[in-house]
Amino acid sequence: MDYVIHNGTIVNEGAMHVGDIYIHNGRIAASEAEVHNPQHYDAAGCYVMPGVIDTHVHFRDPGLTAKADFDSESRAALAGGVTSVVDMPNTKPQTTTLETLEEKEAIAAAKSHVNYGFMLGATNDNIDSLLALSPTRYAAIKLFLGSSTGNMLVNDPKTLDRLFAESHKLIVAHCEDEGIIQANLRNYRLEFAGKEGETAALHPKIRNTEACFVSTYKAVERARKYGTRLHIAHLSTATELSLLSNQSLAEKHITAEVTPNHLWFDDRDYAVLGNLIKCNPAIKSDDDRLALWAALQDGLIDTIATDHAPHTLAEKQQRYFDAPGGIPSIQHSLQMMLESLFSPAVRGMEGYDEYLREWFPLIVEKMCHNPAAIFGIKERGFLRPGYHADIVVVEPAEVEVTPESLLYKCGWSPLTGSILHTRVRKVFLNGMPSEQSTPEPLVFTK
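Per chain, residues are indexed from 1 in the order of the written sequence. The predicted origin of the model limits local features to residues at a pLDDT of at least 70 and limits the giving and counting of side-chain atom pairs to 80 or more, whereas totals for whole chains, interfaces and linings rest on all residues. In computing side-chain values, all of the structure's heavy atoms are included and hydrogens and water are not.

### Re the environment of Ala68
Helix numbers and strand numbers start at the N terminus; a helix is a DSSP run of H or I with at least 4 residues, a strand a run of E with at least 2. In this structure, Ala68 sits in the loop between strand E6 (52–57) and helix H1 (70–79). Residues Ala68 and Gly411, spaced 343 residues apart in sequence, show a C-alpha to C-alpha distance of 9.6 Å. Contact criterion: two residues are considered in contact whenever any of their non-hydrogen atoms come within 4.5 Å of each other. For Ala68, the contacting residues outside a window of four places in its chain are Phe59, Arg60, Glu73, Pro310 and Lys409.

Written out as C-alpha cells, the structure is:
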C-alpha cells in the first residue's frame, strides 16, 4: 500500500516547512509520481518527523522478563514515537557472544513491534571474540566502566588498552569510577548501619561528579590515544562536558549521549519521587541539568537516548541501598523533550516561532539523525527519498500521564500525574501504519 501524508509541518535536517510526504513500497518517494493509488493521511496542524531511534534501551529479554519484555516495551516505544531501538547486553544470559546475540535476535523477531538491533557486551575475557566479529554484525560494543544492573564491569587495564587499540567498532561506555563509588557506598552504609532512614537523596553523593568525571576522563584519554570511536552514555554532570568537542559530527570520533531523565529531573525531585528516579549515573543538581541542556544546543552532546530500564515497583519500594537503579521512560521520551517547546509558558513567550524553528529541528537531530549517523544505521533516521518510511506525526495536545495509559510491563512511571502538551497521533513503520506494520532488524554499515 502506498501513502501520502498531507499538510503537516515537516521537521527534518535542520528545517521546518509545510508539505507532503510520499510513501511507496515502504520507502519515502521523491514525488507524487512514484506512488500508486495511495491512501491519504491528513496531518494538518501537526508536525511530521522521522521516527525516533533510541540507541540505549534495556528491554530485559531474556531472563529478566518479570520486569519487562520485548513485547511490552516495544509497544510502549511505538506509542511514544520510537520506531527503532538498540538493546543493551546486561540480560540473562548476558549478550557477550555470537550465540547469545542470535538468541536475542530471535526473541525480537518474534515479539518486537519496532525495528531492533543489539549491542554486545565487553567483559574482561571476551575481547578476542568481539574483535573477530564483523563490525556490521551488531550495533556497538557496550563497555561498563562502573558496575550497574547485571554487573558487567570491565576493570582490567590491559583488556581496556587492547579493546581501545584494536576495535573497529563503536564503543559505548558507561563511565563511573568503581573505586570512588564503592568507597562512598561503604561510608554511607557505615553511617546508617543498624538503622534505617537513608533516602535516594544519597544517590548523587555516592555516584557523584568525581566518579563520573574520573571515569569519563580515562575513557576519553584512551580514545584519543588510540583514535577509537567512543560514545559516552548518559552524561550527567556539567564537569564532564569539558572533555568533549563541539566539532561537526563528521569530524568527531568521540561523541556523547544524554537521557531525557537527566534533562527533566534534578536532585530536588528525590524528596518526592525517591527511588523512582534512582538511576545510574545519578540524577544530579539543577546546575548540571541546565548545563546538559546548553550542551545540546552548542553541539557538545550529540544524541538523546532513554536508558529505558524497568524494574518492578516492589523492587523500587525497597530501602534505598537495596533498590535497583533504572527508570522506565521510552513511552514519553519524545513528549518530554517536546515539552520544552509546547508547554503553555513557552508558547506564550516573545519570539516563540524563532525558538521553535531552532529547537525542534535540533531535537530531531539528536533523537533521529545523529543516532543513525553515529551507529551507522542504514537508511533510517532521515526523511529522505529511498529511506525506510519510519515517520511520526506529533500533535500539540494536553495529555495526562495516568497509570492506565502506561504500556510498560512494570506498570509505573515517575511521570504519573504529569500533564504533557504533545501527543503522538500517528506512527508509520517501514511504510505502513504501525498497527499494520512489520518490524525489521536494523542494518549497520560500520
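Picking up where we left off.
### Some details on the sheet that holds E6
DSSP calls a pair of strands paired once it identifies at least 2 bridges connecting them. Strands sit in the order E6-E7-E8 across an open sheet of 3 strands; the sheet is parallel. Strands with a single pairing partner mark the edges of an open sheet, and in this sheet they are E6 and strand E8 (115–118). Neighbour to neighbour, the strand axes of the sheet diverge by 20° on average, direction disregarded. This element, H1, spans strand E7 (82–87) and E8 of the sheet and lies at about 135° to E7. All axes are obtained by fitting lines to C-alpha atoms, using only the stretch in contact for helices, and the reported angles, taken between N-to-C directions, cover 0 to 180 degrees.

### A word on empty space enclosed by the protein
Using protein atoms alone on a 1 Å grid, points that fit a 1.4 Å probe yet trap it form a cavity, whereas open point sets bounded by protein on both sides within 12 Å along at least five of seven lines form a pocket; residues with an atom within 4 Å of a point count as lining. Grid points are joined across faces, edges and corners, and a volume is the space filled by probe spheres set on the points. Using the criterion set out here, one finds 3 cavities of 30 Å³ or more in the structure. For the largest cavity, the calculated volume is near 150 Å³. Along the walls of the largest cavity sit 20 residues, with His58, Asn280, Asp307, Ala309 and Gly326 positioned nearest its centre. Here the lining of the largest cavity is built from residues that sort into 4 nonpolar, 14 polar and 2 charged. Taken together, Ser236, His262, Phe265, Asp266, Ile283, Lys284, Ser285, Asp288, Arg289 and Leu292 make up the full set of residues lining the second largest cavity. Just so you know the grouping, Ala, Val, Leu, Ile, Met, Phe, Trp, Tyr, Cys and Pro go in nonpolar, Asp, Glu, Lys and Arg go in charged, and all remaining residues, Gly too, go in polar.

### Side note on the pattern of salt bridges
Whenever Lys or Arg places a side-chain nitrogen within 4 Å of a carboxyl oxygen from Asp or Glu, that contact is recorded as a salt bridge. For the structure on display, the rule yields 26 salt bridges. The salt bridge partner of Arg137 is Glu105, with a shortest N-O separation of 2.7 Å. Linking Arg137 in the loop between helix H3 (127–132) and strand E10 (141–144) with Glu105 in helix H2 (residues 98–111), this pair joins segments that are 32 residues apart in sequence. Given the relative accessible area of 23%, Glu105 is considered partly exposed. Relative accessibility decides the category of a residue: with a 1.4 Å probe and only protein chains considered, values under 20% of the type maximum give buried, values over 50% give exposed, and everything between is partly exposed.

### Examining the layout of surface pockets
Considered as a void within the structure, the second largest pocket measures approximately 220 Å³ in volume. Lining the second largest pocket are 13 residues, and of these Leu145, Val154, Leu160, Asp177 and Lys218 sit closest to its centre. Of all the secondary-structure elements, those providing two or more residues to the lining of the second largest pocket are helix H4 (157–166), helix H5 (178–191) and helix H7 (209–226). Looking at side-chain class alone, the lining of the second largest pocket contains 5 nonpolar, 3 polar and 5 charged residues.

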